[in-house]
Amino acid sequence: MVELAQVVVDVPTMQTNQPYTYQVPVLLEKKLQLGMRVVVPFGNGSRQVQGFVVGFIDSSAYEGKLKPIQAVMDLQPVMNTELLKLSEWLADTTYSFWIACLYTMLPSLLKAKTHRIVEVIDELDEQDYFDLFKGQDSRDYADFENDPEAISKLLKLKRMGKIRISYEVENRARAKTITGITPLMGFEELEEQRTSLHPNAHSQDCLLSYLQSIIGKTVVQKEAERKTGISASTFNQGVNKGWLKKVPVEVYRTPHAQEQSPNEHLQKPLDLNADQQTAVDAISDAVHKKVNQTFLLQGVTGSGKTEVYLQSISHALEQGRTALMLVPEISLTPQIVNRVRRRFGSQVAVLHSGLSNGEQYDEWRRIERGEAKVVVGARSAVFAPLKNLGLIILDEEHESSYKQDESPRYHAREVAKWRGEYNNAPVVLGSATPSLESRARALKGVYELLRLPHRVNDHPLPPIKVVDMRPEIKQRGESNFSMPLLAAINDRLQKGEQSILMLNRRGFSSFMMCRDCGEVLQCPNCDISLTLHMDTRTMKCHYCGHEEMIPRVCPKCHSRHIRYYGTGTEKVEQELQQLLPQARIIRMDVDTTRRKGMHEKLLKSFGNHEADILLGTQMIAKGLDFPNVTLVGVLNADTGLGLPDFRASERTFDLLSQVSGRAGRADKQGQVIIQTFNPNHYAIKDAQKHDYEQFFAQEMSLRRFANYPPYYFTVRLMASHPEEAQAAKAMSAIKAKLEQRLSPDTIVLGPTPRAIARMKRRYYYQIVIKYKKDPALHETLLEILQDTQSKGFKDVQVSIDPDPQYFM
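Residues numbered from 1 in each chain as written. Predicted model: local features only at pLDDT ≥ 70, side-chain atom pairs only at ≥ 80, totals over all residues. Heavy atoms only, no water.

1. Comments concerning the overall build of the chain
Helix and strand counts for the chain come out as 24 helices and 33 strands. Over its C-alpha atoms the chain spans a radius of gyration of 30 Å, differing by no more than 12% from the 28 Å that the globule rule assigns to 808 residues. On the principal axes, the C-alpha backbone points of the chain span a range of 95 × 75 × 65 Å. Looking at the chain as a whole, 54% of its 808 residues qualify as buried. The contacts in the chain between residues at least 6 apart in sequence include a share of 74% that link residues at least 24 apart. On the chain, roughly 36200 Å² of surface is accessible, and the fraction owed to carbon and sulfur atoms is 48%. Side chains of the chain carry 103 positive and 97 negative charges; the gap between the two charge centres is 3 Å. (Helix = DSSP H or I, 4+ residues; strand = E, 2+ residues; numbered from the N terminus. Rg over C-alpha atoms; globule rule 2.2 N^0.38 Å. Buried < 20%, exposed > 50% of the residue type's maximum accessible area, 1.4 Å probe, protein only. Contact = heavy atoms within 4.5 Å. Areas by Shrake-Rupley, 256 points an atom, 1.4 Å probe, with all protein chains shown as cover. Lys, Arg positive; Asp, Glu negative; His and termini not counted. Charge placed at Lys NZ, Arg CZ, Asp CG, Glu CD.)

Spelled out as structure tokens, the structure:
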């Protein structure tokens, strides 16, 4: 019976979630595996496309002729069974195309244009060595991929561990190797060579003796030199005499290698307080019993949540299982990774977008091969190919950065819960300020609530002083610093203590305006003003990347009366340096951390007290732990409150609570100063009192009144087109279909132009759906997704976003 494979194909112009069926070449039957990438013919012509093997079926159901698979791209699956099932679920629940979900799960190196290299790593019989490899140690995989007979032989050699495949992009980033040595002679032959040596050839005698001790092994040459004191030139003489050969030995590019903890110097677990012990016991019990339970760990800042995570991970490892820990920001990764590595050493792998392609690929392979048991990373690390997952942790679970903005629009929390269910593993959601959705589920008993109400050092949470900036501006004119905040910073400078200052914006100034005609310099591609950046002396758009020189005259009326309004991190840094010339300042925002490794470098510098003040955007608000920081200042608490977003108050409360928690985390008493023009707003007043419960109650009543989550589910549909009328027309057609199909209880709002109606030369219209339960919704949205591939939607891009984090 002929074997048939189901393949999800990559056809950008005609996406579909329906796999196509292809015949498996006879020589590859029972050898092709799920999760392998293949090349298949598609359409009527000679076109060939890539795809993933997602299933095998019985050929008896088919009559007629099927097209055969043309080539096999990998000698082993790049996707395991769990991730294949996850990708199918992801496509269904995020209204995305299956192929996009599969690519999302792969490291960048496997998505880039790559050369695949087949390398010999163990002795082959002579016929295979010369027939397949032409007497060489490696060959380009492209030489084999269209030859089923050769592929069949390679698959057999791969199973025997005699060859491996590595990936090389055009910049030659491939598996990293260093020189190793291996003896070419047996013990007796080497002994014969020793007897024929000149009496003065002491180095060669030592080399032969060493080679006798490593027969059958491959040793890194540098390690051999260090261990024996034999020079590199003596090893080269050994090669020339035929005693040994040099071979490439693969090593991993390890992110933060300089922070790697040797396994013999691992840090011991810390003593737990009663609340921490209760939490660890509950989580460990679920790990031990293989129960898929979701825990909400609500702990005030500085309550020792990380230690609860570490001891729970330790318990999972003792059970022979693996663990996954997610953090919301790359900026948090260095501090967290260092703590996890100090506890678990080389068992830890790191995954996030700040790694080079090579580092990411090496970490992915360590995980896939089972060499790394603990993975720490940002959102995309939720797809780490860990087997036998025993525990999944989302730190700062309330963070909106866990939701992906592009297709597939997944939320890492939902993916983590799916993987927890698949692996019978508990999921821990940790936060000082849980999202309203998570807290509501905990109150309903869907999640189990674990509380850490006290800081581990038993210090109270730092007192928060709210400064009303309205009288400050009247008395002192325009400034980013109130008198109380300046006095507090000065006091810390005198004491040799450190301060963290947070601003909700990057750049030098928000926008440029002409004082004569009122013209605001706009981006030509988007409905948004350009931002001044003094480091590059340009005006930039933070949405499409458009950049132009700073104008000297108004482009509309040619007046020279141009003024810059608003506040940015560069401008604040400049003002602060003028007010306190003795202060050493580190600025941390998207611009200063753009280069690889800068997050870690700046934080390390601040931790070493090479600066007095850390000034930054939201990235400094969370997770940072510096014992000498006793003052936190928030320069503009109102920035997020005026946004047209139902989560604006929640985000403001979360941010203020998180940044306040950076002060007084060790033995010194901390203080927080919040500057605002809205001192009576409930989000600011509740943050000042550290009163999550009061904020939760008030915000929930407002959400109930306005029919927003967690009382309703939401979906946002968005259409864009270079012509506004076409975008509006497409959304009107979608609205008609929704009204025809959906329940009368479902609320459909729009279509309306998006808050920023034009971006990257496209006009955007949106529809927002609010619903509690609507049996017809899911199928209708999947239908709309498929409709977007038809000719009626030419040049119209439609996206469907379940549970959107923003409506802007």
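2. Details of the sheet that holds strand β30 (residues 713-721)
Reading across the sheet, the 4 strands line up as β31-β32-β30-β33 and stay open at both edges, with antiparallel pairing between neighbours. Edge positions in the open sheet fall to β31 (747-759) and β33 (797-802), since each of these has one partner strand only. Across the sheet, the mean angle from the axis of one strand to that of its neighbour is 20 degrees, orientation sign disregarded. Note: β30 against strand β32 (residues 762-771), 9 bridges, orientation antiparallel. Residue pairing in the sheet places Ala719 in a bridge with Tyr765 of β32. Strands β30, β32 and β33 of the sheet are contacted by helix α24 (residues 777-787), whose axis makes an angle of about 15 degrees with β30. (Pairing = 2+ DSSP bridges. Axes fitted to C-alpha atoms, helices over the stretch in contact; angles between N-to-C directions.)

3. Describing the packing of helix α1 (residues 81-94) against helix α14 (residues 412-423)
For any two helices packed against each other, one specifies the crossing angle of their axes together with the interaxial distance. Orientation of α1 relative to α14, taken along the N-to-C sense of each, is 135 degrees, at an axis distance of 11 Å. Put simply, α1 runs oblique to α14. When the axes of α1 and α14 are compared, the crossing they make is right-handed. Listed contacts from α14 to Thr81, Glu82, Leu83, Lys85, Leu86, Trp89 and Leu90 of α1 are Glu414, Val415, Trp418, Arg419, Tyr422 and Asn423. For the contact of α1 with α14, the class distribution of residues is 7 nonpolar, 2 polar and 4 charged. (Parallel < 35°, antiparallel > 145°, perpendicular 65-115°, else oblique. Left-handed = near helix turned anticlockwise from the far one by under 90°. Nonpolar A, V, L, I, M, F, W, Y, C, P; charged D, E, K, R; others polar.)

4. Some points on the environment of Val251
The residue Val251 is located in strand β11 (residues 244-251) in this model. In this structure the C-alpha to C-alpha distance between Val251 and Thr177, which are 74 residues apart in sequence, comes to 5.5 Å.

5. Focus: unusual backbone geometry
In this model, Ser407 is joined to Pro408 through a cis peptide bond whose omega is -5 degrees. Positionally, Pro408 belongs in the loop between β16 (389-395) and α14. The phi angle at Asp458 is positive, at roughly 65 degrees, despite the residue not being glycine. With respect to the helices and strands, the residue Asp458 is situated in the loop between β18 (448-452) and β19 (464-468). Of note, the phi angle at Asn707 is positive, near 60 degrees, even though the residue is not glycine. By secondary structure assignment, the location of Asn707 is in the loop between α22 (692-706) and β30.

6. A closer look at the packing of helix α7 (residues 202-213) against helix α9 (residues 232-240)
Interhelical geometry of α7 versus α9 gives an angle of 70 degrees and a closest axis separation of 10 Å. In this view, α7 runs roughly perpendicular relative to α9, as classed from their interaxial angle. Pair α7 / α9 crosses with right-handed handedness. Listed contacts from α9 to Ser203, Gln204 and Leu207 of α7 are Thr234, Phe235, Gln237 and Gly238. Tallied by class, the residues present in the contact of α7 with α9 amount to 2 nonpolar, 5 polar and no charged.

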